[in-house]
Amino acid sequence: MHSDDVSSDEPLLAARVHRPADLMRFLLGLLGIAVVMAIAGFAHATTSGVEADIAKGARNAPDALSTFAGLTASIAVLIVPVAFAIERLIKRDGLRIADGVLAAVLAHGVALATDLWVTNAAPDPIRAALTQLAPSGGGITDPVHGYLAPVIAYMTAVGMARRPRWRVLLWFVLLLDAFAVLVGGYTTPFSIVVTVLIGWTVAYGTLYSVGSPNVRPTGQNLLAGLRRVGFAPLTTRRADDEVPETPDSERGRGYLVTLEDGPPLDVTVVDREQQAHGFFYRVWRRISLRGINQRRSLQSLRQTLEQEALLAYAAIAAGANAPKLIATSELGPDAVMLVYEHIGGRRLNALPDDELTYDLLSNAWQQVKALQSRRIAHRRLIGDSLLVDRSGKVFLTDLRGGEIAAGDIVLRMDIAQLLTTIALRVGPERAVKTAVAVLGPDAVANSLPLLQPIALSRSTRAELKQLNRERAQRERDAVLAASAADKEARLSAAVAAPSRGSAKAEKRAEKRAIEVAQDEAREEDLLAKIRQQVLLIRPQAPVEPVRLERIKPRTLVTVIAGAFAAYFLLSQISSVPIADTISRANWGWAAVAVVGSALSYVAAACALAGFVPERLSLFRTVMAQIAGSFVKLVAPAAVGGVALNTRYLQKTGVRPGLAVASVGASQLVGLGSHILLLLTFGYITGTEKTPSLSPSRTVMAGLLTAGVLVLVGTAIPTLRKFVSTRVRALFAGVIPRMLDVLQRPAKLVTGIGGTLMVTVTFIICLDACVRSFGGSLSYSTIAVVFLAGNALGSAAPTPGGVGAVEFALTGGLIAAGLPGTIATPAVLLFRLLTFWLPVLPGWLSFNYLSRRGDL
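What counts, and at which threshold
- Residues numbered from 1 in each chain as written.
- Predicted model: local features only at pLDDT ≥ 70, side-chain atom pairs only at ≥ 80, totals over all residues.
- Heavy atoms only, no water.
- Helix = DSSP H or I, 4+ residues; strand = E, 2+ residues; numbered from the N terminus.
- Buried < 20%, exposed > 50% of the residue type's maximum accessible area, 1.4 Å probe, protein only.
- Areas by Shrake-Rupley, 256 points an atom, 1.4 Å probe, with all protein chains shown as cover.
- Salt bridge = Lys/Arg side-chain N within 4 Å of Asp/Glu carboxyl O.
- Pairing = 2+ DSSP bridges.
- Contact = heavy atoms within 4.5 Å.
- Axes fitted to C-alpha atoms, helices over the stretch in contact; angles between N-to-C directions.
- Phe/Tyr/Trp six-rings, centres within 6.5 Å; stacked < 30°, edge-to-face > 60°.
- Lys NZ or Arg CZ within 6 Å of the ring centre and 35° of its normal.
- Polar contact = N/O pair within 3.5 Å; in protein donor to acceptor, adjacent residues only side chain to side chain.
- Parallel < 35°, antiparallel > 145°, perpendicular 65-115°, else oblique.
- Left-handed = near helix turned anticlockwise from the far one by under 90°.
- Nonpolar A, V, L, I, M, F, W, Y, C, P; charged D, E, K, R; others polar.
- Expected span 1.5 Å × (residues − 1).
- Core = buried A, V, L, I, M, F, W, Y, C linked by side-chain atoms within 4.5 Å.
- Patch = residues over 30% accessible without salt bridge, like charges linked within 9 Å, V, L, I, M, F, W, Y side chains within 5 Å.
- pLDDT = per-residue confidence, 0-100.

Student: What am I meant to see in the overall build of the protein chain here?
Tutor: For the protein chain, the helix and strand inventory stands at 32 helices and ten strands. Taken over 855 residues, the protein chain has a buried fraction of 44%. Entry remark: accessible area of the protein chain is about 42800 Å², with carbon and sulfur atoms responsible for 64%.

In structure tokens:
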């Protein structure tokens, strides 16, 4: 007798799921709308020509055909959605109809909003591309078809495009309607494209927001599928709940199935929802990694089934231990299953340390050796992928992410991954010893260039980060304990034998004790220990890491921000008559701006030297600040200067820890003065036009906002811990350095004065740029605009804050009452003097200091 009983550990499935594919289509739709609008706005001549050609061809269409198309389309565009809704309701799929109705309502609202924007506020080229004079002469045509966009959204949301017959009918109706309105002169080609994109985009945005009906098969569906392929299942239960899914695992849901007659089976079910798990992570890995032929990030279920079956057969043919694949089958249109013979056993991660014997680890390496002999890559050799049966034999599972005919880099990555996996459990020495015993020293040594976090799985990287945090905490505790012991020892010695040693000598002794404690407590990370063990066997082994990362997240953000900055600058420049503006410029004020820009480097040198107790050469320090202009071209504004100044101080003889502390002290005082000046000038700006000294509403709003942010930061435990950790680390090194500077009043005055003069010189430069083009604002207003714009530029990820600074300064000057025709060239001149022109002198200074050994 067949039983459909499912064990109580079968989790309840969510009624709706949010598909990454829907989000991707929504974003692509937004991008498509933006591209169409950009083409309409910047290629007006081309769009006009296209519309003229289409209108000319439409006039040649027979009148009978136009009449038939219009009549048929007007009827079909209403009948087809209703017919599909009736069919879905008959099949009890009312949720999809509800989704379609919601998408249609939202699309209608978006269409009306777009109509209002194009008619009343859009630029003339866009309005001309999306509208034309109505044939009746009663105004212009609608920019977006208010009846067609909801129909498209409805059809997309209910899934008509996934059913072949309905899809053909859908496209026929859309093309017929587009032909009818084009021939009749009631629309433009761009209007039709925007209408289709709006309906399509709103539909997928709605589906992603509310979720799509969950189509994951249940245990009963699995039992029915097993019967279709000739098995007689009795019960089934989830067998892999203890193994969490991770974005890089691609593991299906595992079931243990008992049969009426015969041994149990292991069944893996893969459905569209599980397949989409970690989709964005896999896409990013494919984009960011170079030299690795990864398979496509999103396969069809049929391709997934074939991939895993191929890898299972190939692994067994290579002589590796892998579960034997018995059968495969589809479980409806949205899931597939793979049936394996049951092995039993435990995952490597679940084994206690005393069971990780030499023989077991060697057995694991034997499986990898068998795969690599046939150039098969596993791609995920972590503890969860290694199954140990009751006899101690190791089996390789989770083969779906592997590759056949793999390249050398991918094969070496497998070795590096398993080395790290085993070292996390038994230590680097045993991991390397067992690997060398099976694979040989050369194969292990060749994997060293791939022994880097980017080449490892996501779960392994998370474990390494946790180990590094624990290691850093042990080092800090050891340093604190050594420092406390040294203080206690010196205090006892002073009590026993009072001396007249100076306070400076005591501080130097304390610093030496801390440095010695740091050296003694310093630990190597796990990957470094693995390298050391391999180098003991093969001293000539290559250790230089292979560059695998094609693009970093910061680079991607920089490119996007740079594109936005370029668009902003070009749009601003195109709206200003540059030649006429330059011809009317006052070059006397421009010379003042040049002087202000030049003096800023002297002020920056004083700001740095003031927080370094050691004596620095003023000339070389100024040259280092000029060199920073070149560094800012290739690094974010808040990063490049800090790194260069730290390097410069180290080369002048300041110890690394003290150099970092000195630069940190300079940055801390700079931040404090920046906030103080912003509040001060903001207060002055708010009161300069009023008879009383009451602060402006803007300043009060800013203070209240800052207070709310502080309260929110202290109320959220995670955020509070994050901020306190960073602040504690900052003050741990900066405060002792500040105490050293406080003992030298001249240094303190130089540092604080230089910090203030950096801001003053930049404000003078910006004010002179504004005046050189005939503008005039109060000095306090210019100061507020500069300080706010500079803060945004420091936070921006683009080199030198390109784009963010221009946007903030221009917007601030215009908001302060300066015309755009003056604000734009003034900001461009300011950035030319303070960012672009100093690049060449900065490059020369950088090379000069590098040749001297000062950088």
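Student: What's the story with the pattern of salt bridges in this structure? I'm lost.
Tutor: Pairing is possible between side chains that carry opposite charge, provided their charged atoms lie close to one another. Tallied over the entire structure, the rule returns ten salt bridges. The partner of Asp353 in a salt bridge is Arg425, and the shortest N-O contact between them spans 2.6 Å. Note that Asp353 is positioned in the loop between strand E8 (346-347) and helix H13 (358-373) and Arg425 in helix H14 (residues 408-426), a separation of 72 residues in sequence. Close ionic contact of Arg831 with Glu806 constitutes a salt bridge, the shortest N to O distance being 2.9 Å. On the criterion of sequence distance, the pair formed by Arg831 in helix H31 (residues 820-836) and Glu806 in helix H30 (residues 804-815) is long-range, its members being 25 residues apart. Like Glu806, Arg831 is buried.

Student: What am I meant to see in the sheet that holds strand E10 (residues 394-396) here?
Tutor: Within a sheet, neighbouring strands are paired by backbone hydrogen bonds and run either parallel or antiparallel to one another. The strand order across the open sheet built from three strands is E8-E9-E10, with neighbouring strands paired in antiparallel fashion. Unpaired on one side and paired on the other, E8 and E10 mark the two borders of the sheet. Where E8 and strand E9 (residues 386-388) come together, two bridges link them in antiparallel fashion. Residue pairing for E9: Arg346 is matched across the bridge by Val388. Contacting E9 and E10, H13 runs over the sheet at an angle of about 35° to E10.

Student: Looking at this structure, I do not really get the packing of aromatic side chains. What am I missing?
Tutor: What the rule picks out here adds up to five aromatic pairs. Linked through ring pairs, Phe762, Phe786 and Phe830 together constitute an aromatic cluster. Across the ring face of Trp589, the terminal group of Arg771 is positioned such that the distance to the ring centre comes to 5.4 Å. The side chain of Arg831 reaches across the aromatic face of Phe835, ending 4.8 Å from its centre.

Student: Quick question: what am I supposed to make of H31 here?
Tutor: Residues three or four positions apart in an α-helix share a direction because the helix packs 3.6 residues into each turn. Taken across its 17 residues, H31 has twelve buried, putting it largely inside the fold. The complete set of buried residues in H31 reads Ile822, Ala823, Thr824, Pro825, Ala826, Val827, Leu829, Phe830, Arg831, Leu833, Thr834 and Phe835.

Student: Teacher, can you tell me more about the side chain of Asp398 here?
Tutor: Assignment of secondary structure puts Asp398 in the loop between E10 and H14. Polar contacts involving the side chain of Asp398 include one to the side chain of Ser385, which spans 3.4 Å.

Student: Looking at this model, I keep getting lost on the packing of helix H22 (residues 587-609) against helix H28 (residues 745-772). Mind explaining?
Tutor: Pairs of packed helices are described in terms of their axes, by the angle between the two and the distance that separates them. Close contact between H22 and H28 brings their axes to 7 Å; oriented N to C, the two are set at 165°. Relative to H28, H22 is oriented roughly antiparallel. Classified by chirality, the crossing of H28 by H22 is left-handed. The residue inventory of the contact of H22 with H28, partitioned by class, reads 17 nonpolar, nine polar and two charged.

Student: Teacher, can you tell me more about helix H23 (residues 618-631) here?
Tutor: With 14 residues, H23 ought to run about 20 Å at 1.5 Å a step, and its terminal C-alpha atoms sit 20 Å apart, in line with that. By the criterion of burial, H23 is predominantly enclosed, with ten of the 14 residues buried. Here H23 has its buried residues at Thr621, Val622, Met623, Ala624, Gln625, Ile626, Ala627, Gly628, Ser629 and Val631.

Student: Just to check I follow, could you spell out the environment of Leu411 for this structure?
Tutor: Position of Leu411 relative to the elements: it lies in helix H14. Each C-alpha atom, one on Leu411 and one on Ala377, is 5.6 Å from the other, the two residues being 34 residues apart in sequence. When sequence neighbours within four positions are dropped, the list of residues in contact with Leu411 reads Gln372, Arg375, Ile376, Ala377 and Ala406.

Student: I keep staring at the environment of Ala406 and nothing clicks. Help me out?
Tutor: Following the sequence through the fold, Ala406 ends up in the loop between E10 and H14. Judged by relative accessible area, Ala406 falls into the buried class, the value being 3%. Between the C-alpha atom of Ala406 and that of Ala377, which follows or precedes it by 29 residues, the distance is 6.0 Å. When residues no more than four places from it in sequence are discounted, the contact partners of Ala406 are Arg375, Ala377 and Leu411.

Student: Looking at this structure, I do not really get the nonpolar core. What am I missing?
Tutor: Across soluble globular proteins, you tend to see nonpolar side chains buried next to one another. Among the nonpolar cores identified, the biggest contains 53 residues, and Leu360, Trp365, Leu419 and Ile530 are the most heavily contacted of them. Looking at this core, the elements with two or more residues in it are helix H12 (301-317), H13, E9, E10, H14, helix H15 (428-439), helix H16 (441-446) and helix H19 (526-537). Leaving out residues up to four positions away in the same chain, Leu419 has contacts with Trp365, Ala431, Val432, Ala435, Val444, Ser447 and Ile530. With 31 residues, the next largest nonpolar core counts Cys765, Ala768, Val805 and Ala823 among its residues.

Student: When you look at a nonpolar patch on the surface in this model, what are you seeing that I'm missing?
Tutor: Taken together, the side chains of Leu28, Leu31, Val35 and Ile39 present a nonpolar region at the surface, about 350 Å² in accessible area. By the element assignment, Leu28 lies in helix H1 (residues 20-42).

Student: Would you take a moment to explain the sheet that holds strand E4 (residues 253-259) for this structure?
Tutor: One open sheet holds the five strands; their spatial order is E3-E4-E5-E7-E6, and the pairing between them is antiparallel. On the outer flanks of this sheet lie strand E3 (233-238) and strand E6 (325-330), each paired with one strand and no other. Strand-to-strand twist of the sheet, defined as the mean angle between neighbouring strand axes without regard to direction, takes the value 25°. Pairing geometry for strand E5 (residues 265-271) and strand E7 (residues 335-341), over seven bridges, is antiparallel. Paired with Val267 across the strands is Val339, a residue of E7. Sheet contacts for helix H9 (residues 219-228): E3, E4, E5, E6 and E7; angle to E3, the most-contacted strand, approximately 140°.

Student: Explain the confidence of the model for the protein chain to me, please; I cannot follow it from the model alone.
Tutor: When pLDDT is low, close inspection of the predicted coordinates is not appropriate. Overall, the prediction assigns the protein chain a mean pLDDT of 76, with 68% of residues at 70 or greater. Below pLDDT 50 for its whole length, residues 688-701 participates in 15 contacts with residues either more than four positions away or in separate chains.

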